[in-house]
Amino acid sequence: MKLHTKLNQYLVFCAVVCVSACDQKPTSTSSETETKEDSLGAISQPLVTDLYTADPSAHVFNGKVYIYPSHDFDAGIPANDNGDHFGMVDYHVYSLDKIGGPVTDHGIALHIDNVPWAGRQMWAPDAALKDGKYFFYFPAKDKEDVFRIGVAVASTPEGPFTPMDQPIEGSYSIDPAVFTDADGSSYMYFGGIWGGQLQRWETGEFVPYDSFPAGDQPAIRPRVAKMNNDMLGFAEEVRQVHILDENGAPLLAEDNNRRFFEAAWVHKYNGKYYFSYSTGDTHFICYATGDNPYGPFTYQGVVLDPVIGWTNHHSIVEVDGKWYLFYHDSTLSGGQTHLRNIKVTELTHRPDGSIVTIDPYTKK
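Everything numeric here is computed off the predicted structure, so don't read it as measured data. Every chain is numbered on its own, with residues counted from 1 as its sequence reads. In keeping with the predicted nature of the model, local features appear solely for residues at pLDDT of at least 70, side-chain atom pairs appear and are counted solely at 80 or more, and the whole-chain, interface and lining totals rest on all residues. The basis for every side-chain value is the complete set of heavy atoms in the structure, and neither hydrogens nor water enter the calculation.

Caption draft 1: Geometry of the overall build of the chain. Each helix is a run of H or I in the DSSP string that is no shorter than four residues. Each strand is a run of E no shorter than two, and both are numbered from the N terminus. Counting secondary structure elements, the chain contains two helices and 21 strands. To get the radius of gyration, use the C-alpha atoms; to get the globule rule, take the number of residues to the power 0.38 and multiply by 2.2 Å. For 364 residues, the compact-globule estimate of 2.2 N^0.38 gives 21 Å, and the chain sits close to it at 19 Å. Dimensions of the chain, computed from the C-alpha atoms along their principal axes, are close to 50 × 45 × 45 Å. Evaluated residue by residue, the chain yields a buried proportion of 59% over its 364 residues. Put simply, the chain shows about 14,600 Å² of open surface, and 49% of that area lies on carbon and sulfur atoms. Accessibility here uses a 1.4 Å probe with only protein chains present; expressed as a share of the type maximum, an area under 20% marks a residue as buried, one over 50% as exposed, and anything in between as partly exposed. Under the convention used here, a 1.4 Å probe and the Shrake-Rupley method define accessible areas, while residue burial counts only the protein chains that appear.

What follows is the structure, given as structure tokens:
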């Protein structure tokens, strides 16, 4: 579906839906939410309706699906391109025994008050398992207002998690996503431009101002680093992830429909590595494929068309032999972009490995 059509849907939706977005919790019931979404032909309903949740990182641990989202609330901060209005301060962990089953809220797994180095804005997290320990990765701005990535540890997948006293050495920007390969090696992918500050790290050191490439130059690239065996730090220098077009050339900064903005995720299917990500200001979830965890990755297409609300953030996971896309939109809050709700829908790989593009508002 064309982007302008999505925006028209958004305007119509906001005109007919009146939902309070000023409270800390949603005020609509599940049945009310379903009625509102049905007016858009939504393919799925919010998984959580008593809190605002976003950026769902999903994993299968111990035969159950665990979801690690961010927790939205109205911080009373005016919206801007730096995302200051996304003032999140804690995380809840959710689980379900099967897709479509009841969702359990395990409560607060980590709060910013318990993270010694963090100052504000706990954004999109992820989790991983190794040697019986569960590792929770999260971005937050430090006391100097620079985004870093922290790690916390628990003995159970729902936590609560105990954070390390310092962020991961050498980490920066936002949206950590950890992929563990068949050989047991784990890799963290991260980065986000604009409010995620990735454009301030192009020299390898932080600069206190934005530096973007010209439109005809290669776009800012996401980052990757192999994890130490203890999963608490990087085993190597951070590398850039190259995303190429069909001719093997880097995607350009002006290619807003395809270039990386934020929300990296990696899954493996039939021996291929799939690097998926958000294009940010054009609101697509796109994907590229490669032959190893470092890339390069060649652009292939769109996973998810734009959703209601400004942001688009996802994860892809196999559950009981089927693949699912976890994502969010802002229907629960009536279109408030900083008050979102997590969802899930089935994802299909074609026989050639390509992914069928998902339209979130057209029931088949």
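Caption draft 2: Representation of the sheet that holds strand S20 (residues 322–329) within the structure. Pairing between strands requires that DSSP locate at least two bridges from one strand to the other. Read from one edge of the open sheet, three strands run S19-S20-S21, paired in antiparallel fashion. Each of the sheet's edge strands pairs with one partner strand only, and the pair in question is strand S19 (314–319) and strand S21 (341–347). Strand-to-strand twist in this sheet, taken as the mean axis angle between neighbours without regard to direction, amounts to 25°. Where S20 lies against S21, seven bridges are found, and the strand directions are antiparallel. In the sheet register, Tyr324 faces S21, and the bridge partner there is Glu346. Here an angle of 0 to 180 degrees is reported between the N-to-C directions of two axes, which are lines fitted to C-alpha atoms, with helices fitted over the stretch in contact.

Caption draft 3: Region of interest: the nonpolar core. Here the nonpolar core consists of buried residues drawn from Ala, Val, Leu, Ile, Met, Phe, Trp, Tyr and Cys, with membership extended through side-chain atoms lying within 4.5 Å. Within the largest apolar cluster, 41 residues are counted, with the highest numbers of intra-cluster contacts made by Tyr137, Met188, Tyr189, Phe275 and Tyr277. Considering every element that reaches this core, the biggest residue donor is strand S11 (residues 186–190), with four residues.

Caption draft 4: Geometry of the sheet that holds strand S3 (residues 90–96). Taken in spatial order, the four strands make up an open sheet running S1-S2-S3-S4, and their pairing is antiparallel. Because the sheet does not close on itself, it has two edges, and the strands there are strand S1 (52–61) and strand S4 (104–111). In this sheet, neighbouring strand axes are inclined to one another by 25° on average, regardless of whether the strands run parallel or antiparallel.

Caption draft 5: Spatial organisation of the packing of aromatic side chains. Pairing of aromatic side chains requires ring centres within 6.5 Å, counting the rings of Phe and Tyr and the six-membered ring of Trp. Pairs whose planes differ by under 30 degrees are stacked, by over 60 edge-to-face, and all others tilted. Going through the model one piece at a time under the given rule, you end up with 28 aromatic pairs. For the ring pair Trp123 and Phe147, a centre distance of 4.8 Å and an interplane angle of 50° mean the geometry is tilted. Note that Trp123 is positioned in the loop between strand S5 (118–120) and strand S6 (126–130) and Phe147 in strand S8 (residues 147–154), a separation of 24 residues in sequence. Here the two residues Trp123 and Phe147 agree in accessibility, since each one is buried. Each ring, one from Phe260 and one from Phe275, has its centre 6.4 Å from the other, and the planes form 45°; the classification is tilted.

Caption draft 6: Focus on the pairing of S1. Burial runs high along S1: nine of the ten residues are buried. Here S1 pairs with strand S2 (residues 64–72) via eight bridges, running antiparallel. Looking at S2, one finds that Ala54 is bridged to Ser70. As consecutive antiparallel partners, S1 and S2 are separated by two residues, and within that stretch Asn62 has a phi angle of approximately 55°, a positive value.

Just distances and angles here, no functional claims.
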